[in-house]
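# Understanding the architecture of this molecule
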Amino acid sequence: WIIRHSGTTSLATSGISNQLEGTSAQSVVNPHMRSLLRRILGYSRENLNPPLLSESGRLRLRPLLSQDYQAVAAWFADSESCRLAFGVDTDNETLAEMTREYLDDLRSDPRGVLLIEEAAANLPVGFLRYKLFRKDRQSLARVGIMVGVSQQRGRGLGSEAMSVLIRYLFATRAVDPIELDTAS
């Protein structure tokens, strides 16, 4: 799936809503507006402080911290979650090896990994991961998501979290397009 920026991008955080105007489907957000937004909200290329909130206030996205790896590893301990995340139907030994490699990769390079929390309960429910690329003088992003708590799937949390991430990437990282990395 490829998502392109097509005009107005809304970014909501800590109850603050800002509108940034683009000019066409191929445009990027004005760099001066993007810089101003970063200063006002405290964003930089390296961090998200304050965390991103969904428009409903139900979800918070924040960088994955070292203490969060235990929860992420627990989500991957469930073979069904792994099969959904990786989009494979393979034996448990191969799945375990894929999981070890993926978790090692998360630990070694946590940039672009955001924990999804239910804001009211401070409950981690999954994570998003994005990678930034440059191709032919164009900034691109590839994004993926895992709702790790099986009881939380099917409640729209993934869609809501992805919407927040997409707005963030268009507004502050000036990417266009965004590719969705899907398991199947």
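The following refers to the structure shown. Note that the coordinates shown come from a computational prediction; the quantities given were computed from them, not determined experimentally. (Residues numbered from 1 in each chain as written. Predicted model: local features only at pLDDT ≥ 70, side-chain atom pairs only at ≥ 80, totals over all residues. Heavy atoms only, no water.)

## Re the pairing of strand β6 (residues 113–118)
The buried count for β6 comes to 6 of 6 residues, which makes it a mostly enclosed element. Covered by surrounding structure in β6 are Val113, Leu115 and Glu117 together with Leu114, Ile116 and Glu118, the residues of both alternating faces. Relative to β6, strand β5 (residues 59–63) is paired through 5 bridges, and the arrangement is antiparallel. By the bridge assignment for β6, Leu61 is matched with Ile116. Bridge count between β6 and strand β7 (residues 123–135): 6 bridges; the pairing is antiparallel. In the sheet register, Ile116 faces β7, and the bridge partner there is Gly126. Connecting β6 to the antiparallel partner β7 that follows it, the hairpin turn spans 4 residues, and Asn122 within it adopts a positive phi of roughly 50°. (Buried < 20%, exposed > 50% of the residue type's maximum accessible area, 1.4 Å probe, protein only. Helix = DSSP H or I, 4+ residues; strand = E, 2+ residues; numbered from the N terminus. Pairing = 2+ DSSP bridges.)

## What to know about helix α3 (residues 79–86)
Among the residues making up α3, those that are buried are Ser81, Cys82, Arg83 and Phe86. Buried residues along α3 sit in contact with α2 (69–77), α4 (92–108) and β8 (138–147). Immediately downstream of α3, the backbone of Gly87 shows phi near 65°, a positive value. (Contact = heavy atoms within 4.5 Å.)

## A few points about the pattern of salt bridges
Inspection of the entire model under this criterion finds 13 salt bridges. One salt bridge connects Arg58 with Glu160, and the closest N-O pair in it is separated by 2.7 Å. Of this pair, Arg58 sits in the loop between β4 (52–53) and β5 while Glu160 is found in helix α5 (residues 157–172), placing the two residues 102 residues apart along the sequence. Put simply, Glu117 and Arg62 hold a salt bridge, and the shortest N to O gap is 3.3 Å. One end of the pair, Glu117, is in strand β6; the other, Arg62, is in strand β5, and 55 residues separate them in sequence. (Salt bridge = Lys/Arg side-chain N within 4 Å of Asp/Glu carboxyl O.)

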